[in-house]
Amino acid sequence: MSLQIARGRDAKPPLRPLRSKQNVRPQLQEATEQSTAAVPAKKAALRFPVNPDTKAFYRKFYPGTSTIEWNDWRWQMRARIRTLDELARIFHLSDDEYGAVKKHTGSLPVGITPYYASLMDPKDPREPLRRTHVMTGEEYLRGAGEDDDPLAEDHDTAAPGIVHRYPDRVLFLTTGTCSTYCRYCTRARVVGNPGGEYQFSVRQWEQALAYLEDHTEVRDVLMSGGDPLTLGDDKLDWLLGRLRAIKHIEFIRIGTKVPIVLPQRITKQLVAILKKHHPLWMSLHFTHPHELTDEVTESTARLADAGIPLGSQTVLLKGINDDIAVIKPLMLGLLKRRVRPYYLYQCDPIRGSAHFRTPVEKGLEIIQGLRGHTTGYATPIFAVDAPGGGGKVQITPDFVAGRDGDDLLLRNFEGDVYRYPDPGGTLGRDK
Ligand code: SF4
């Protein structure tokens, strides 16, 4: 079933809850209102950090902008860099970038928050964050095995926005909007294309919710998109409340890049809303240690302080983060910010992604460079999402060296072999 249900406008916040099941705890709602009233927006904006490089950037490129505006996530969303002219105002575009952006139509447009642009090198097209967000001509090449929907999500779509592949959990695509558009996005076909094939609306959410109410085997919902944290507070609160009101849903997760590319979105008001809907977990999409700024330290601290367990997911990208010297500081920096490294993904074979994809053994090499060499918590799971809808397949280094009679032979992180007494065991016999 296709996601295509309604065409046209983005979803609007419901004027009132559409069903009476919404489960808003009165005390918490009161607390939210009080805290919102107690913290005037201007003061709250001034309390959000601005790292020195970013400050220099916005004084240069947005000279009329106040700190209050800069730290207002809605201003950041409105001011996103979306056109060739805006890009060229900030970046010295290479001919390749210029031509690629000019040629682009349809989904996955250029879209970069001014904050995130401040982390990029305006002069060097090879700078890692810039490479992940400014398109190049390589995007227009189609490599072997590439597809617009490599994970066959459309095939597994059971209701509008609901991808039901695994037995007890679903992916809920809630919006087609992101604050920034990553050039390697698995959902390139879905995002950033209002009026295109994939649309999202409250009517579709209702159909998705009806599906979830009927499917009592679903205990875990991963909200993704697009980026659910680009939804306004009211919409998000409403949607989380509706999900939370479904008795058999035990667990809600949000997949988001917003705390990294638009950290100003993590307002105290948003955090108070999220806290009402526990147990709520988050998977944060990180790419590179350059993202670990003062602003991200603040956004992750606010989420962690709200009791939201934070995990990271990182896509392995050629020439961007496919190096232990890049991944290790990223993983350790995440731990310092109370984010548990969760997944390192092999880049999905979407159309035009060959220039981003590494050989699979590169991921194994990185895991081997972490495992045993640093804190165990810093080692994510390395996984390939099997094309065609096979689901995630974990790939791990093989630490079993063989067997010698009743002894299992194990290879440690330094390559040395040790014996473990394992009488009656068979593991390692075939090596
Ligand atoms: S934020 Fe996520 S959904 Fe949006 S473009 Fe990036 S990878 Fe795709």
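In this text the structure is predicted, and so the values were computed from the model without any measurement. (Residues numbered from 1 in each chain as written. Predicted model: local features only at pLDDT ≥ 70, side-chain atom pairs only at ≥ 80, totals over all residues. Heavy atoms only, no water.)

Caption draft 1: Representation of the pairing of strand β13 (residues 417-421). Of the pairings in the sheet, the one linking strand β12 (residues 407-411) to β13 comprises five bridges and is antiparallel in character. Across the sheet, Arg-411 pairs through a bridge with Val-417, a residue of β13. Remark: five residues form the turn of the hairpin made by β12 and β13, two consecutive strands paired antiparallel; Gly-415 in that turn has positive phi of roughly 90 degrees. (Pairing = 2+ DSSP bridges. Helix = DSSP H or I, 4+ residues; strand = E, 2+ residues; numbered from the N terminus.)

Caption draft 2: Here's a closer look at the pairing of strand β10 (residues 391-394). Where strand β9 (residues 381-386) lies against β10, four bridges are found, and the strand directions are antiparallel. Across the sheet, Val-384 pairs through a bridge with Val-393, a residue of β10. Hairpin connection, β9 to β10: the antiparallel pair is bridged by four residues, and Gly-388 has positive phi, about 90 degrees.

Caption draft 3: Structural detail: the site of the ligand. In the neighbourhood of the ligand, the contacting residues comprise Cys-178, Thr-180, Tyr-181, Cys-182, Cys-185, Gly-226, Lys-257 and His-285. Of the residues assigned to the shell around the ligand, the class counts are four nonpolar, three polar and one charged. (Near = heavy atom within 4 Å. Nonpolar A, V, L, I, M, F, W, Y, C, P; charged D, E, K, R; others polar.)

Caption draft 4: Representation of helix α15 (residues 324-336). When the terminal C-alpha atoms of α15 are compared, their 18 Å separation across 13 residues agrees well with the 18 Å that a helix rising 1.5 Å per residue should span. When we look at burial in α15, the residues that qualify are Val-326, Ile-327, Leu-330, Met-331, Gly-333 and Leu-334. Projected down its long axis, α15 shows its buried positions confined to an angular sector of 165 degrees, all on one face. Residues Ala-325 and Lys-336 are exposed on α15 and point more than 90 degrees away from its buried face. For α15, the side-chain oxygen to backbone nitrogen distance between the N-cap and Ala-325 is 2.9 Å, and the N-cap itself is Asp-323. (Expected span 1.5 Å × (residues − 1). Buried < 20%, exposed > 50% of the residue type's maximum accessible area, 1.4 Å probe, protein only. Arc of directions from axis to C-beta. Polar contact = N/O pair within 3.5 Å; in protein donor to acceptor, adjacent residues only side chain to side chain.)

Caption draft 5: The side chain of Asp-237, seen in detail. If you trace the backbone, Asp-237 turns up in helix α11 (residues 233-244). Classification of Asp-237 by relative accessible area gives buried; the value is 14%.

Caption draft 6: Quick look at the packing of helix α10 (residues 202-214) against α11. In the contact formed by α10 and α11, the axes pass within 11 Å of each other and the chain directions differ by 20 degrees. Put simply, α10 runs roughly parallel to α11. You can see that α10 and α11 cross each other, and the crossing is right-handed. Taken together, the residues of α11 that come into contact with α10 (itself represented by Val-202, Trp-205, Glu-206, Leu-209, Leu-212 and Glu-213) are Lys-235, Trp-238, Leu-239, Arg-242 and Leu-243. Of the residues belonging to the contact of α10 with α11, the class tally is seven nonpolar, no polar and four charged. (Axes fitted to C-alpha atoms, helices over the stretch in contact; angles between N-to-C directions. Parallel < 35°, antiparallel > 145°, perpendicular 65-115°, else oblique. Left-handed = near helix turned anticlockwise from the far one by under 90°. Contact = heavy atoms within 4.5 Å.)

Caption draft 7: Here's a closer look at the nonpolar core. Counting residues in hydrophobic clusters, the biggest one holds 83 residues, and the most contacted among them are Phe-172, Leu-212, Met-223 and Leu-274. In terms of residue count, the dominant contributor to this core is α10 (six residues). The contacts of Met-223, once residues within four sequence positions are left out, are Phe-172, Thr-174, Pro-228, Leu-236, Leu-239, Leu-240, Leu-243, Ile-252, Arg-253, Ile-254 and Gly-255. (Core = buried A, V, L, I, M, F, W, Y, C linked by side-chain atoms within 4.5 Å.)

Caption draft 8: Molecular detail of the sheet that holds β12. An order of β11-β12-β13 is seen for the three strands of this open sheet, with the pairing classed as antiparallel. Strands with a single pairing partner mark the edges of an open sheet, and in this sheet they are β11 (400-404) and β13. Each neighbouring strand pair of the sheet contributes to a mean axis angle of 25 degrees, computed without reference to strand direction. When β11 meets β12, the two strands line up antiparallel, connected through four bridges. Bridge pairing links Gly-402 to Leu-409 in β12.

Don't take any of this as a statement about function, it's just geometry.
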